[in-house]
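Chain residues, written in single-letter form:
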Amino acid sequence: MEYQDVVRDVLSRSDLKEFVVKNFRVSMTNLGFTEPLLSEFLDNIDNLDLDAFIARHKEELARVELGHFFDELVPPFFEKYILPEVPKGGKVLDLGCGRGTLIKLLVDRGINSEIVGLDIIEASEWEDISPDDARLCVVQEEDFVSFIEKEQPDAVVATWVFHHMEYEQQVRYLESLYKVLKGGSVIVLLEDAYADTIPPEMRQERHDALMQWSKEDRLKIMGAYDWIANRIFSMRTTMPVPFAYRTVEEWNEVLKKAGFAPIKDRYIGFPDNQDVHTPRSVIVASRALDNII
């Protein structure tokens, strides 16, 4: 599905557009985009010829977003916030492993018995990962349950994955995981999510600026950031951005309804050196041990 019309609707409101443009100027400047690209993008954000813009700036987009952000900034972010939540030993499944960034970190850490990556399409970066270090698999939703039943991971990690699903699909995946995972398994989510009841660890002022909007407008702002980061900065033409965001509290409720027991949540907030000013949170839950009769 193409969400450009939804983003244009967001940017058609002058107040939302001013807020989005202001924040993009800060995040894009900090990330290292040049002024010519910045100016062309922000001056035409609500009426941009995507294909022509990407064609003109493909080299810079690849260097800054893919090379600098994903290859240089995301790994230490994962090391700080995700790796400590992944249990030592046992099998780890990276659900929606994408370029394999977390897979490489898990391999380097070297304390899990087996590492498996799963996605619905294969990424070219998979070629850099030895099959002796990790197994990378293409699995569609209709084969997901049987795949998990066969693999039986001890931990499932999903970084920036679930908000790319419609709300109903999020629930289906979580319910399927609960049904087939063994007792004691852990699920770790990194999501674009803010919290209503706990303060952010970073950048309170950015949290306050987002919270001045209605909940509906917050979702629109986050969706516009996400769509632009994926469709333009990362040049991904097939990544869905259905504006399906939840608060930390809502993620905990969905996990509980699926059967999981939330054991930790962390509202990171708005770290510097991110490609967009979207709130980040980590939610950890476990599957209860099965009763033995």
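Just above sits the structure.
One structure accompanies this document, and this report is about it. Keep in mind that what you see is a predicted model, and the values were worked out from it rather than measured.

The rules behind these values
- Residues numbered from 1 in each chain as written.
- Predicted model: local features only at pLDDT ≥ 70, side-chain atom pairs only at ≥ 80, totals over all residues.
- Heavy atoms only, no water.
- Buried < 20%, exposed > 50% of the residue type's maximum accessible area, 1.4 Å probe, protein only.
- Helix = DSSP H or I, 4+ residues; strand = E, 2+ residues; numbered from the N terminus.
- Arc of directions from axis to C-beta.
- Salt bridge = Lys/Arg side-chain N within 4 Å of Asp/Glu carboxyl O.
- Phe/Tyr/Trp six-rings, centres within 6.5 Å; stacked < 30°, edge-to-face > 60°.
- Lys NZ or Arg CZ within 6 Å of the ring centre and 35° of its normal.
- Axes fitted to C-alpha atoms, helices over the stretch in contact; angles between N-to-C directions.
- Parallel < 35°, antiparallel > 145°, perpendicular 65-115°, else oblique.
- Left-handed = near helix turned anticlockwise from the far one by under 90°.
- Contact = heavy atoms within 4.5 Å.
- Nonpolar A, V, L, I, M, F, W, Y, C, P; charged D, E, K, R; others polar.
- 1 Å grid on protein atoms, 1.4 Å probe; cavity = no way out; pocket = protein on both sides within 12 Å on 5 of 7 lines; lining within 4 Å.
- Points joined across faces, edges and corners; volume = space filled by probe spheres on them.
- Polar contact = N/O pair within 3.5 Å; in protein donor to acceptor, adjacent residues only side chain to side chain.
- Core = buried A, V, L, I, M, F, W, Y, C linked by side-chain atoms within 4.5 Å.
- Pairing = 2+ DSSP bridges.

### Side note on helix α8 (residues 204-211)
Here is step 1: What α8 keeps buried is the set R206, H207 and L210. Viewed end-on, α8 has its buried residues packed into an arc of 105 degrees, placing them on one side of the element.

### Here's the deal with the pattern of salt bridges
Here is step 1: One pass over the structure, following the stated rule, counts 24 salt bridges.
Here is step 2: A salt bridge links E151 to R135; the nearest nitrogen and oxygen atoms lie 2.6 Å apart. With E151 in helix α6 (residues 144-151) and R135 in strand β3 (residues 135-138), this pair connects stretches of sequence that are 16 residues apart.
Here is step 3: The class of E151 is buried, set by a relative accessible area of 9%.
Here is step 4: Of the charged contacts, one joins R280 and D192 as a salt bridge, the two residues approaching to 2.6 Å between their closest N and O atoms.

### Observations regarding the packing of aromatic side chains
Here is step 1: Taken as a whole, this structure holds 15 aromatic pairs when the rule is applied.
Here is step 2: The interplanar angle of 75 degrees and the centroid separation of 6.0 Å between the aromatic rings of F162 and W251 together place this pair among those described as edge-to-face. With a gap of 89 residues between them, F162 in the loop between β4 (155-159) and α7 (167-180) and W251 in helix α10 (residues 248-258) connect regions that are remote in the sequence.
Here is step 3: Feature note: the residues F24, F33, F41, F53, Y225 and F233 constitute an aromatic cluster, connected by ring pairs.
Here is step 4: The residue whose ring lies beneath R246 is W251, and the NZ or CZ to ring-centre distance is 5.4 Å.
Here is step 5: Residue placement shows R287 over the ring face of Y178; its charged tip is 4.3 Å from the ring centre.

### Some points on the packing of helix α4 (residues 50-81) against helix α5 (residues 101-109)
Here is step 1: At a minimum axis distance of 10 Å, the contact between α4 and α5 shows a crossing angle of 55 degrees. Here α5 runs oblique to α4, going by the angle between their axes. When the axes of α4 and α5 are compared, the crossing they make is right-handed. Touching F70, V74, P75, F78 and E79 of α4 are T101, L102 and L105, all from α5.
Here is step 2: When its residues are assigned to classes, the contact of α4 with α5 shows six nonpolar, one polar and one charged.

### Things to note about the layout of surface pockets
Here is step 1: Volume-wise, the largest pocket comes out at about 1100 Å³.
Here is step 2: For the largest pocket, the lining is made up of 45 residues, of which G96, G98, D119, R236 and M239 are closest to its centre.
Here is step 3: For the lining of the largest pocket, the elements supplying multiple residues, two or more each, are α4, β1 (91-95), α5, β2 (114-119), α7 and α9 (215-233).
Here is step 4: For the lining of the largest pocket, the element with the highest residue contribution is α4, accounting for six residues.
Here is step 5: Residues of the lining of the largest pocket, tallied by class, amount to 20 nonpolar, 13 polar and 12 charged.

### Topic: α10
Here is step 1: Residues V248, E249, W251, N252, V254, L255 and A258 constitute the buried set of α10.
Here is step 2: Where α10 is buried, its residues touch α7, β5 (186-192), β6 (261-269) and β7 (280-286).
Here is step 3: Backbone geometry just downstream of α10 places G259 in the positive-phi region, at approximately 120 degrees.

### Side note on the side chain of S281
Here is step 1: Topologically, S281 is positioned in strand β7.
Here is step 2: For S281, a relative accessible area of 0% translates into the label buried.
Here is step 3: A distance of 2.7 Å separates a polar side-chain atom of S281 from the backbone oxygen of A193.
Here is step 4: Other than its neighbours up to four places away in sequence, S281 contacts L189, L190, E191, A193, Y194, V248, R266, Y267 and I268.

### Considerations on the nonpolar core
Here is step 1: In this structure, F24, F41, L177 and F233 are the most contacted members of the largest nonpolar core, which totals 101 residues.
Here is step 2: In terms of residues, this core owes the most to one element, α4, which gives 12 residues.
Here is step 3: Once residues lying within four places of it in the same chain are set aside, the contact partners of L177 are L95, F144, I148, V156, I187 and F260.

### Concerning the sheet that holds β6
Here is step 1: Ordered in space as β3-β2-β1-β4-β5-β7-β6, the seven strands form an open sheet in which the pairing is mixed. Strands with a single pairing partner mark the edges of an open sheet, and in this sheet they are β3 and β6. Neighbouring strand axes in the sheet, compared pairwise and without regard to direction, differ in orientation by 15 degrees on average.
Here is step 2: Bridge analysis of β4 against β5 gives five bridges, and the strand direction is parallel. Paired with V156 across the bridge in β5 is I187.
Here is step 3: Sitting on the sheet, α10 is in contact with β5, β6 and β7, with an inclination near 20 degrees to β7.

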